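# Understanding the architecture of this molecule
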Amino acid sequence: ATPTALLVGTGRGAQLGVLIRGPEVLESTRRVDTVVLDKTGTVTEGRMTLLSVATADGEDEAEVLRLAGALENASEHPIARAVAAEAAERTGELPTPEDFTNVAGLGVQGVVEGHAVLVGRERLLADWALTLPPELERALAEAAAAGRTAVAVAWDGAARGVLVVADAIKPTSARAIAELRQLGLTPMLLTGDNERVAASVARAVGIDEARVIAEVMPSEKADVVARLKAEGRVVAMVGDGVNDAAALATADLGLAMGTGTDVAIEAADLTLVSGDLRAAGDAIRLARRTLSTIK
Ligand code: ADP
Ligand code: MG
């Protein structure tokens, strides 16, 4: 391979909105056959809004929102931002938690005004031996059936409410995924969110339901990529979050959203500057063309 042609390739990449770590990256870009896409912030906007609050019998909706919002105010997660913003809007200034822990892939826990508060997946509550009353089970099931993400709120040993959030799919995602298919690649969806939400996003953007891997803990995302590689696939991973960094580094080719976290960008080989997924297909097409010119 002549270095000049490779450098022209990386320069052309910059024009397409793709930053390429070094000319040698083009070789793995060319060989990719599988593209694993993170859901939140990659296929979707990653900017959530709070749609509704369900309460356990006898609980006050504003209080559920206020304590959940106070705890989430300490988290950077898109769900947390939606909950804290709406809580501040509806209930005024939020108290500062006395204690706060982020439980990756599950939610947040801490102390607010002396109450031990949890916000997150049902599994986080189960870890504290908490179960949901039927009215909250129903709220979670309804949200899942509608393809929406929902988290539970508990404090002082009892589940108090369910918060339903929504995230919009990026307008360019479906077209970007169609282009990946045209290039002969297999798109897959990888997420920590629940199966039904993941399936509904996959359906909307044209990913086969058999190619959806959901409810994956952040620490397991890299294992999923490693397993696909062990099956003989040449894997590109596209992600934006702190959660995705290990998977981006494990993949044959890591692509970070330029709109994502620095940790993801540092772990990646390519950065899609504007966060438009269509640049992934552009980069692969460019790598194929650049390297065929050289040969
Ligand atoms: P994704 O792969 O979609 O980016 P994450 O691994 O960040 O998802 O989170 C997986 C799930 O854990 C979320 O869908 C949510 O149910 C729960 N979760 C994570 N962080 C929070 C948080 N700060 N507040 C509430 N729930 C959370
Ligand atoms: Mg993400």
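So, a few notes on the structure that sits alongside this text.

Rules used throughout
Residues numbered from 1 in each chain as written. Chains lettered and ligands numbered in written order. Predicted model: local features only at pLDDT ≥ 70, side-chain atom pairs only at ≥ 80, totals over all residues. Pairing = 2+ DSSP bridges. Helix = DSSP H or I, 4+ residues; strand = E, 2+ residues; numbered from the N terminus. Near = placed C-beta within 6 Å. Nonpolar A, V, L, I, M, F, W, Y, C, P; charged D, E, K, R; others polar. Domains from an automatic or database assignment. Contact = placed C-beta atoms within 7 Å. Axes fitted to C-alpha atoms, helices over the stretch in contact; angles between N-to-C directions. Buried ≥ 20, exposed ≤ 12 C-beta atoms within 10 Å, placed from the backbone. Arc of directions from axis to C-beta. Core = buried A, V, L, I, M, F, W, Y, C linked by C-beta atoms within 7 Å.

### Some thoughts on the pairing of strand E8 (residues 158–169)
Here strand E3 (residues 44–55) pairs with E8 via eight bridges, running antiparallel. Within E8, the residue paired with Thr-44 across the bridge is Ile-169. Where strand E7 (residues 149–155) lies against E8, seven bridges are found, and the strand directions are antiparallel. Residue pairing in the sheet places Val-153 in a bridge with Gly-161 of E8. Counting the residues between successive antiparallel strands, the hairpin from E7 to E8 contains two residues, one of them, Asp-156, with a positive phi of roughly 45°.

### Observations concerning the site of ligand 1
In the vicinity of ligand 1 there are 23 residues, among which Thr-40, His-77, Ala-80, Gly-107 and Gly-192 approach most closely. Breaking the shell around ligand 1 down by element, the ones donating at least two residues are helix H3 (39–43), helix H5 (78–91), strand E5 (107–112), strand E6 (115–120) and E7. Here the shell around ligand 1 is built from residues that sort into seven nonpolar, 11 polar and five charged. When residues of the shell around ligand 1 are sorted by domain, at least three fall in each of domain 1 (3–45 + 169–294) and domain 2 (46–167).

### Thoughts on the sheet that holds strand E1 (residues 18–20)
Sheet strands pair via backbone hydrogen bonds, and the direction of the pair is either parallel or antiparallel. With respect to topology, seven strands assemble into an open sheet ordered E1-E13-E12-E11-E2-E9-E10, the strand pairing being mixed. Bordering the open sheet on either side are E1 and strand E10 (212–213), each of which pairs with just one other strand. One ladder, built from four bridges, connects strand E2 (residues 34–38) with strand E11 (residues 235–239); its direction is parallel. What sits directly across from Val-36, in E11, is Met-237. Across the face of the sheet, helix H10 (residues 221–230) comes into contact with E2, strand E9 (186–190), E10 and E11 while running at roughly 160° to E11.

### A few points about the sheet that holds E8
An order of E3-E8-E7-E6-E5-E4 is seen for the six strands of this open sheet, with the pairing classed as antiparallel. If you trace the sheet from one side to the other, it starts and ends with E3 and strand E4 (99–103), each paired once. For this sheet the average axis-to-axis angle between neighbouring strands, irrespective of direction, equals 20°. Sheet contacts for helix H7 (residues 134–145): E3, E7 and E8; angle to E8, the most-contacted strand, approximately 10°.

### Examining H10
What H10 keeps buried is the set Lys-221, Val-225 and Leu-228. The buried residues of H10 occupy an angular sector of 60° when projected down its axis, which confines them to one face. On its buried face, H10 is in contact with E2, E9, E11 and helix H11 (245–250).

### Let's talk about the nonpolar core
Residues Val-36, Ala-236, Met-237, Leu-255 and Ala-280 are the most contacted members of the largest nonpolar core, which totals 48 residues. A per-element tally of this core places helix H13 (residues 278–294) first, with six residues. Setting aside anything within four residues of it in sequence, one finds Val-36 in contact with Met-188, Leu-190, Val-225, Leu-228, Val-235, Ala-236 and Met-237. Leu-50, Ala-70, Val-119 and Ala-143 belong to the second largest nonpolar core, which has 41 residues in total.

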